[in-house]
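These are the residues of each chain, in order.
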Amino acid sequence: MPALEEYVEEIKDIWDTHWLTNMGEKHKRLQKELQEYLNVANIDLLTNGHMALELSLQALNLPRGSEVITTPFTFASTTHAIVRNGLVPVFCDINSKDYTIDVSKIEKLITKKTSAIMPVHVYGNICDVETIEQIASAYGLKVIYDAAHAFGETYKEHGVGEFGDVSCFSFHATKVFNTIEGGAVCFKDEQFGLDLYRLKNFGIRGPECVDGVGANAKMNEFCAAMGLCNLKHIDNEIAKRKKVVDMYMERIGEVSGIQTNLQQKDVKQNYSYFPIIIDEEKYGESRNQLYDRLKENGIYSRKYFYPLTNEFECYRSQYDVKDTPVALDISKHVLTLPLYADLTLEEVEKICKVILKEGGKK
Ligand SMILES: *Cc1c(COP(=O)(O)O)cnc(C)c1O
């Protein structure tokens, strides 16, 4: 959160204008500033990351009932966005190095019904965007990236939102950059942008013309104001996160039975998550045992992502998790450790000591 005074200063003029929502001055300013910061051609702001995904799929106008290749190692939102559009998720496995879609397994899943690929940049690890691009253009498929974890990242100096037809960001309170709740869609095609804009505003084309079955997903002025304040500090926040990650790497980067996240080549990272994969045999404790022991010491890690979306009660009767064995394996062995800008290095040291089994409650 920004300093309270900073936020109060930013929202003061709302009491003069009484302009609370509906694409006001702050919405416009944040949109402009984010376009520059993310280094993207076009961007629109929405009420949250989920509506960014859901309305993007709708604006692409994919044939109803067509198939979208995606991964189950993600947040509920990705899969739900596909299903809620009357489309069919087809689950591709992930790779065990960076946990993003295994591009060598995509082509086998393509059928006559496939209309799109919806990959996820996991923990800020960027998908193999080049191979995905090749496959998509060879088969005439749309690509929609779930970039919720990848705010502010670049790959070979390109803003990550530039890849695919569409990239969707989340500005939820728990993400690297937040607008309390919020999201954005980056896109290439201008017509798509107009369609998306109408979908987020009830399908209204003009004062007396409503020609689309739209929803309401507009970012309000208070959320945009939060974003304007937070954006001023984002580089500093990411630098502070890097210090935490460096400390974790120094202390637990080489522990037997613990796999840490790799540094991807050509990627400017945002240090959004610190996942570790536990090999029970080598580490001497299972993922769940370590999770519990951390909790007993007052440390809250997350089993993220667990369970897989294809194991959810609402999907499990239609899918078999054995079709995505790597994702299943990672989801059973992963923990994400506490990571935020204001986490002190003393606290990181304490967390590492518990992981290294040096003191703390056993
Ligand atoms: C947070 C998140 C979303 C959803 O974003 P909201 O802003 O919470 O709606 C979607 N996908 C992934 C991978 C996320 O982490």
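Reading the values: the criteria
Residues numbered from 1 in each chain as written. Predicted model: local features only at pLDDT ≥ 70, side-chain atom pairs only at ≥ 80, totals over all residues. Heavy atoms only, no water. Core = buried A, V, L, I, M, F, W, Y, C linked by side-chain atoms within 4.5 Å. Buried < 20%, exposed > 50% of the residue type's maximum accessible area, 1.4 Å probe, protein only. Helix = DSSP H or I, 4+ residues; strand = E, 2+ residues; numbered from the N terminus. Domains from an automatic or database assignment. Contact = heavy atoms within 4.5 Å. UniProt positions renumbered as here; feature names shortened; annotations may be inferred. Pairing = 2+ DSSP bridges. Near = heavy atom within 4 Å. Polar contact = N/O pair within 3.5 Å; in protein donor to acceptor, adjacent residues only side chain to side chain. Areas by Shrake-Rupley, 256 points an atom, 1.4 Å probe, with all protein chains shown as cover.

Quick notes on the nonpolar core
In summary, soluble globular proteins display a tendency toward joint burial of nonpolar side chains.
Here comes step 1: Of all hydrophobic cores here, the largest spans 68 residues; its most connected members are Leu34, Ile106 and Tyr248.
Here comes step 2: Broken down by element, this core gets its largest block of residues, 11 residues, from helix 8 (residues 221–252).
Here comes step 3: Lining this core are residues from two domains, each supplying at least three of them: domain 1 (4–229) and domain 2 (234–355).
Here comes step 4: When residues no more than four places from it in sequence are discounted, the contact partners of Leu34 are Asn39, Ile43, Leu45, Phe151, Phe171, Phe177 and Leu231.
Here comes step 5: Counting residues in each nonpolar core, the second largest holds 24 residues, with Ala52, Leu53, Val185 and Leu199 among its members.

With respect to the UniProt feature "modified residue: N6-(pyridoxal phosphate)lysine" (unreviewed entry) in the protein chain
Here comes step 1: In the UniProt entry, the feature "modified residue: N6-(pyridoxal phosphate)lysine" (unreviewed entry) is given for Lys175.
Here comes step 2: Within the element layout of this structure, Lys175 appears in the loop between strand 8 (166–170) and strand 9 (183–187).
Here comes step 3: Judged by its relative accessible area of 15%, Lys175 is buried.
Here comes step 4: Ignoring sequence-local partners within four residues, the contact set of Lys175 consists of Ala148, His149, Ser170 and Tyr273.

Quick look at the sheet that holds strand 6 (residues 154–155)
Here comes step 1: Strand order in this open sheet of three strands is 7-6-13, and the pairing throughout is antiparallel. Only two strands of the sheet have a single neighbouring strand rather than two, namely strand 7 (158–159) and strand 13 (267–268).

What to know about the site of the ligand
Here comes step 1: Taken together, 15 residues are adjacent to the ligand, and Gly49, His50, Asp146, Ser170 and Lys175 come closest.
Here comes step 2: Asp146 places a side-chain nitrogen or oxygen 2.7 Å from a nitrogen atom of the ligand.
Here comes step 3: Lys175 has a polar side-chain atom sitting 3.2 Å from an oxygen atom of the ligand.
Here comes step 4: Calculation on the ligand without its partners gives an accessible area of 380 Å², and the protein chains cover 93% of this total.
Here comes step 5: Counting only elements with at least two residues in the shell around the ligand, the list comes to helix 4 (49–59) and helix 5 (76–83).

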